[in-house]
2 protein chains.
Amino acid sequence: MDSRITEHAQILVDWSARIDDGDDVVVSVGEGAHKLGVAVAEQLGERGANMVVTYDSEEMDRAYQRASDRNFETDPEFEHGLYAEADSVLSLRGTRNTSAGADIPEETQTAFAQAREGIREARLDTDWVSTVHPTRALAQQAGTSYEAYQDFVYDAILRDWEALAEEMAQLKDVLDAGSEVWIRKGDGTDLTMSIADRTAVNSAASVAYDSHNLPSGEVFTAPAATEGEVNFDVPMTIRGTRIENARLTFEDGAVVDIAADAGEDALRTIVDTDEGSDRLGELGIGMNRGIDRVTDQILFDEKMGGTIHLALGRAYKACLPDGEEGNQSAVHVDLITNMQTEDTVLEIDGEVIQRNGHFRWEAEFEG
Amino acid sequence: MDSRITEHAQILVDWSARIDDGDDVVVSVGEGAHKLGVAVAEQLGERGANMVVTYDSEEMDRAYQRASDRNFETDPEFEHGLYAEADSVLSLRGTRNTSAGADIPEETQTAFAQAREGIREARLDTDWVSTVHPTRALAQQAGTSYEAYQDFVYDAILRDWEALAEEMAQLKDVLDAGSEVWIRKGDGTDLTMSIADRTAVNSAASVAYDSHNLPSGEVFTAPAATEGEVNFDVPMTIRGTRIENARLTFEDGAVVDIAADAGEDALRTIVDTDEGSDRLGELGIGMNRGIDRVTDQILFDEKMGGTIHLALGRAYKACLPDGEEGNQSAVHVDLITNMQTEDTVLEIDGEVIQRNGHFRWEAEFEG
C-alpha cells in the first residue's frame, strides 16, 4: 500500500471525521476508490468504530435509473434508517469515468434526487466527510498523467491541517470584523461588496470546523450589495460547457452584464435560472498552498492558495445572522479568479489583506 | 454487456428472489462482481424495487478485522436495522482472490462472526439469495481458463429452472415417501440409511422453494442410522486441505473408521469436532446437469447431476418432523461421491431410483 493512502485515511478518520471508539460509520466506496477503502477500514478497525460499507457505483446508479419508470418511492425506510442511525458518513469518491452518468435523462436524475431528499438530509445530519481517491479518469479530466495527478491530490490532502486552520482563523477574524471588501486586479477587475454582520467559515477539512470536504482550505462568507466588474480568469467546465474568462458586471448586487471568451450562453442560462441566481451567495478565499494548479475539479480549484471564488446563487446558512435567509436560489455556481498576478489587491475596510496573492502575514507579502 | 450477465440477473431477480414493485432490496456486491451488479441494478430499476448497494470487500474486511482489538460491538443497530427492514438481500459474490482472508487470525474471525449473529439472523429472515459472478480467481481455483470458467458458471445458472424444479419434485416425492436408502458402487461403497419421517427439500434456486443459492439443483434430506462403507471419489479442498478418496465406515449411525489417499488427518479432526460431527446431517442428490465438471467449489460440485453428497454434522431443520432436533453439530462438511460410474445403484425401499448416474425417469436409464 502506498503510504500516502494510509496517511490520507488517517487524516480523514482523525482530523476530518473525528471518529471515536464505538462510532457507527458508513463508508461509501466509489468504483475507483477501493484502495482508499481498505486503508480507511484499517483505521476504523484500529479505533474500534463500527463499519457499514456501501458501494457508490455510478454504473449501477445509471442502470437503475435508466431502467426505472421515474416513479421513485420517497425515502425508503431501510435506507433512510441507515443514515439516521449513523454517526458519520465517509464518502470515498473516485470515479472511473467522469461521464458515467452522461446519458441518464435529466428528468430522471431530478426525480431520483427529489425522492431521496430525506435520505440526503439524514446523511447531512451526520458528521459526514467527502474526499477523493485519485483515479485515471480524474487524471484525464485534469489533463495530466496518473502519477502526476496522484502527487497533486496528496499535496492537497496531506497537509498540516492544524497549522492551516490557525492561519485561516486569522483571515476569518478579519472577515468577521470587516464590512467592505474591495477586489482589484490588473485585468480590469474592480469589485466591492458588503460583508457587514456576516460570519465567515474557517473551512479546515474537519467536522470540528463544520467543514466537510477533504481537501479543503478556504475561508468563505456570504456577500451582499456587490458593485463593479470581475474577470474570472481560471477556466472551468460547468455542466459540460467550457467557461473561459467570464466577465460579470454587478449593479445593486445583481448581474447586469455578462461576457466570456467561451461559454457565454451557458453562463447566461445560469444567471437567468431564478430570483437569486443573478446575485452572489458566496465569497470564498482559497488558502490551500498544496493546490498549485488548475485541474477543472471544483473541489480542488476553489481551494487553491492565492485564488478567490465567487458563487452565483445560494448562500450558506452558517454565514448569516440568525433569522436572516440570505440569497436563495436553486443554483450555487462557483467562478474563480487568480490573485497571483501583478497589481491584484484584496482590501477589507481600507486595509490590504492580500497583494499579488500573498497574505499580509506571509513572508512574500509586500505592504 | 455479455447477454449472459443480463440473463443471470433476470433469473436472480425473477425466479430466485421473486422481486416485486416496491420491494426493499439490499444488493451486496463482491469485489469482482461489479458487472453483475450493474445488470442486477437494471433489473431492479425495471421492477420498481428500492435498492441499497453494499460493498462486500474481503480486503476491507481483512484490514478492519486485523486492525481491531477483537472487542467487536454486538449487532450495531445501524447495520442490523438495514437488514431488519429489507425484504430481500441479493449477495453477488465474486472474489478476486480466494485467499484474501487467509491471514486473518481465526480467533478474530470467530469473534467477528459471533458479534454479528443478530445481523446474520436478520439477513436470513429476508428473502435472501446468494449467487456468484465468474472471476479469474475462481477460474484459477477451478483449474481452468477464465473463458472456460464463464461457460461453466453460465451453464450451471442459465437453466430452465421451472422444468428442473418439476423434475426434482419427482425425486422429492420418492424421498418423502421412502424409508430406507441403499447406495452401492463398484468401488466398495455399500451404505444404508433411514429417511423415514423426514421431508426432502426441493432446492430449486428460488425463495419460493426455500432455496437460497443460485445455482442450485439438488434434493436433500436428513438421514439417520447410517450403516456400511462409502467412498468419496470427488476430490475437494476443505479448510485448505486437499481431500482425496475419503473412505468412511459407519456403525449405528456413527463413523467408526476413516481412511483417505490425502487429507486423512484433516478428516479425522472434522469427525472429532463434537458430539454430532461423526454422524450424517444431510443426504443430498445433485440434479443440475449444467454442472458437468468438478471445480472444487462446493456451491457447484454438490449440485452436479449424477453425484450424491453426504454431510457430516448439522442437519437442516426443514427436513425434520416438528419438535425433532435432528443431528446437531458446529460443523456441516459435505463430501461427494460420483454416481456416473459402472455398477452404481441408488435404491429406495428396494426400488432402483438411479443407476450409473441416470434417474429412472431419464431416457438413459437402464432398469
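All figures in this text were calculated on a predicted structure; none of them were measured in a lab. (Residues numbered from 1 in each chain as written. Chains lettered and ligands numbered in written order. Predicted model: local features only at pLDDT ≥ 70, side-chain atom pairs only at ≥ 80, totals over all residues. Heavy atoms only, no water.)

1. Thoughts on helix H2 (residues 34–47) of chain B
Residues and elements named next belong to chain B.
Turning to step 1, where the next piece is worked out: If you check H2, its first and last C-alpha atoms are 20 Å apart, about what 14 residues at 1.5 Å a residue would give, namely 20 Å.
Turning to step 2, where the next piece is worked out: Within the span of H2, buried status applies to His 34, Leu 36, Gly 37, Val 38, Ala 39, Val 40, Ala 41, Gln 43, Leu 44, Gly 45 and Arg 47.
Turning to step 3, where the next piece is worked out: Two residues or fewer after H2 comes Gly 48, characterised by a positive phi angle close to 75°. (Helix = DSSP H or I, 4+ residues; strand = E, 2+ residues; numbered from the N terminus. Expected span 1.5 Å × (residues − 1). Buried < 20%, exposed > 50% of the residue type's maximum accessible area, 1.4 Å probe, protein only.)

2. Structural notes on the domain arrangement of chain A
Accessible area lost upon the coming together of the parts serves often as the stated size of an interface.
All names here are of chain A.
Turning to step 1, where the next piece is worked out: Here the domain parsing of chain A yields domain 1 (3–157) and domain 2 (161–359).
Turning to step 2, where the next piece is worked out: Tallying the contact residues gives 24 residues for domain 1 and 23 residues for domain 2.
Turning to step 3, where the next piece is worked out: Carbon and sulfur atoms supply 60% of the area buried between domain 1 and domain 2, which totals about 2000 Å² over both sides.
Turning to step 4, where the next piece is worked out: Of all residues in domain 1, Trp 15, Phe 152 and Ala 156 bury the most surface against domain 2, accounting for 35% of the area lost on that side.
Turning to step 5, where the next piece is worked out: At the junction of domain 1 with domain 2, the criterion picks out zero salt bridges.
Turning to step 6, where the next piece is worked out: Put simply, domain 1 and domain 2 have 15 residue pairs in polar contact (both at pLDDT 80 or more) between them. (Domains from an automatic or database assignment. Contact = heavy atoms within 4.5 Å. Buried area = accessible area lost by both parts, 1.4 Å probe. Salt bridge = Lys/Arg side-chain N within 4 Å of Asp/Glu carboxyl O. Polar contact = N/O pair within 3.5 Å; in protein donor to acceptor, adjacent residues only side chain to side chain.)

3. Structural notes on the relation of the copies chain A and chain B
Turning to step 1, where the next piece is worked out: Superposing chain A onto chain B requires a rotation of 180° together with a translation of 0.0 Å along the rotation axis, leaving an RMSD of 0.1 Å. Here the two chains are linked by the operation of a two-fold rotation axis. Among all C-alpha atoms of chain A, that of Thr 54 of chain A lies closest to the rotation axis, at 2.0 Å.
Turning to step 2, where the next piece is worked out: Interface residue correspondence from chain A to chain B reaches 100%, placing this contact among same-surface, isologous pairings. (Least-squares fit on C-alpha atoms with pLDDT ≥ 70 in both.)

4. Some remarks on the sheet that holds strand S19 (residues 351–355) of chain A
Residues and elements named next belong to chain A.
Turning to step 1, where the next piece is worked out: Spatial strand order, S14-S13-S10-S6-S5-S18-S19-S20: eight strands in an open sheet with antiparallel pairing. At either margin of the open sheet sits one strand with a lone partner, and together these are strand S14 (254–259) and strand S20 (358–359).
Turning to step 2, where the next piece is worked out: Both strand S6 (residues 190–194) and strand S10 (residues 224–232) contribute to a ladder of four bridges, which runs antiparallel. Bridge assignment links Leu 191 to a residue of S10, and that residue is Gly 228.
Turning to step 3, where the next piece is worked out: Strands strand S13 (246–251) and S14 of the sheet are contacted by helix H10 (residues 264–271), whose axis makes an angle of about 165° with S14. (Pairing = 2+ DSSP bridges. Axes fitted to C-alpha atoms, helices over the stretch in contact; angles between N-to-C directions.)

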